[in-house]
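What follows is the residue order along each chain.
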Amino acid sequence: AQSVAQPEDQVNVAEGNPLTVKCTYSVSGNPYLFWYVQYPNRGLQFLLKYITGDNLVKGSYGFEAEFNKSQTSFHLKKPSALVSDSALYFCAVRTLGGNTGFQKLVFGTGTRLLVSP
Amino acid sequence: DAGVTQSPTHLIKTRGQQVTLRCSPKSGHDTVSWYQQALGQGPQFIFQYYEEEERQRGNFPDRFSGHQFPNYSSELNVNALLLGDSALYLCASRSVGGQVGYTFGSGTRLTVV
């Protein structure tokens, strides 16, 4: 079964410092990977996705993610964190359902990012 | 361009009651999926609708049912509510044949007391 794992429940970083939120995946075939962010009492906002091509994917709000096939990882990064980046971050993998070919997303458990002033 | 809209935003129900949540997909999208996000957890896939039919279903009991209308909007119904059904219910839409990935709504917060 396709799955992703987020090994850290929480990541703490000081404003202005680089941040990394970790994600590893377990899939058969080529992975389609996503990062979403969730602010309190809000839905999920799309940050970026990896389908194919360059291993470094650039997304919204200055975030980027590095796809590493040998380490089966898709870590989210930002060169300089902002206090407003504090939120819940989810990694997800696309799966195809049985005979239907319809897509669904399987999410990790989430990582809370706290950026201190 | 309106995104995915969900209603209501908050809801409080009593155990044993039934609830209906509503979702209007993003303009141009024809596929709707529903997810349940319990407190402190990642979203869990409930089911997906396309062309008014359920196309995939996650590991949820039959108390969870849905519907998709000709205008692509969708409803999620939950019968015989349990305390454990308290969660944020998220609707997501996409276009079959469109880009990979989903657009999510802001969710409906259901509290069962």
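What counts as what
Residues numbered from 1 in each chain as written. Chains lettered and ligands numbered in written order. Predicted model: local features only at pLDDT ≥ 70, side-chain atom pairs only at ≥ 80, totals over all residues. Heavy atoms only, no water. Pairing = 2+ DSSP bridges. Helix = DSSP H or I, 4+ residues; strand = E, 2+ residues; numbered from the N terminus. Axes fitted to C-alpha atoms, helices over the stretch in contact; angles between N-to-C directions. Phe/Tyr/Trp six-rings, centres within 6.5 Å; stacked < 30°, edge-to-face > 60°. Buried < 20%, exposed > 50% of the residue type's maximum accessible area, 1.4 Å probe, protein only. Lys NZ or Arg CZ within 6 Å of the ring centre and 35° of its normal. Disulfide = S-S within 2.5 Å.

Caption draft 1: Up close: the pairing of strand 6 (residues 44-50) of chain A. All names here are of chain A. Here six bridges tie strand 5 (residues 33-38) to strand 6, and the two strands are oriented antiparallel to one another. In the sheet register, valine 37 faces strand 6, and the bridge partner there is glutamine 45. Between strand 5 and the antiparallel strand that follows it, strand 6, lie five residues; asparagine 41 among them carries a positive phi value of about 60 degrees.

Caption draft 2: Examining the sheet that holds strand 8 (residues 74-78) of chain B more closely. Residue and element names in this part refer to chain B. Read across the sheet, four strands follow the order 1-3-8-7 without closing on themselves; strand pairing throughout is antiparallel. With one partner strand each, in any of the chains shown, strand 1 (5-7) and strand 7 (64-68) form the two edges of the open sheet. Strand after strand, the sheet turns through a mean of 20 degrees between neighbouring axes, direction not considered. As defined by bridge partners, strand 1 adjoins strand 3 (residues 19-24) across three bridges and the pair is classed as antiparallel. Paired with serine 7 across the strands is arginine 22, a residue of strand 3.

Caption draft 3: Broad picture of the packing of aromatic side chains. Tallied over the full model, the rule gives 15 aromatic pairs over all chains. An angle of 55 degrees between the planes, with centres 6.4 Å apart, marks the rings of tyrosine 50 of chain A and phenylalanine 74 of chain A as tilted. Note that tyrosine 50 of chain A is positioned in strand 6 and phenylalanine 74 of chain A in strand 9 (residues 73-78), a separation of 24 residues in sequence. Take tyrosine 50 of chain A and phenylalanine 74 of chain A: they sit in the same class, and that class is buried. Judged by centre distance (5.6 Å) and plane angle (50 degrees), the ring pair of tyrosine 35 of chain B and phenylalanine 104 of chain B falls under tilted. Note that tyrosine 35 of chain B is positioned in strand 4 (residues 31-37) and phenylalanine 104 of chain B in strand 10 (residues 103-104), a separation of 69 residues in sequence. Like tyrosine 35 of chain B, the residue phenylalanine 104 of chain B is buried in the burial classification. A connected cluster of aromatic rings, assembled from ring pairs, spans Phe34, Tyr36, Phe46, Phe90 and Phe107 of chain A together with Tyr35, Phe45 and Phe104 of chain B. Here the guanidinium or amino end of arginine 94 of chain B rests over the ring plane of tyrosine 102 of chain B, the centre of that ring lying 5.9 Å away.

Caption draft 4: Inspection of the state of the cysteines at higher detail. Applying the stated criterion across every chain yields a total of two disulfides over all chains. Across the disulfide, cysteine 23 of chain A is cross-linked to cysteine 91 of chain A (sulfur-sulfur distance 2.0 Å). Looking down the S-S bond of the cysteine 23 of chain A and cysteine 91 of chain A bridge, the torsion is -60 degrees, so its handedness is left-handed. Of the two residues, cysteine 23 of chain A is situated in the loop between strand 3 (19-21) and strand 4 (24-26) and cysteine 91 of chain A in strand 10 (residues 87-97); the sequence distance between them amounts to 68 residues. Side by side, cysteine 23 of chain A and cysteine 91 of chain A carry an identical accessibility label, which is buried. For cysteine 23 of chain B, the disulfide goes to cysteine 91 of chain B, at an S-S distance of 1.8 Å.

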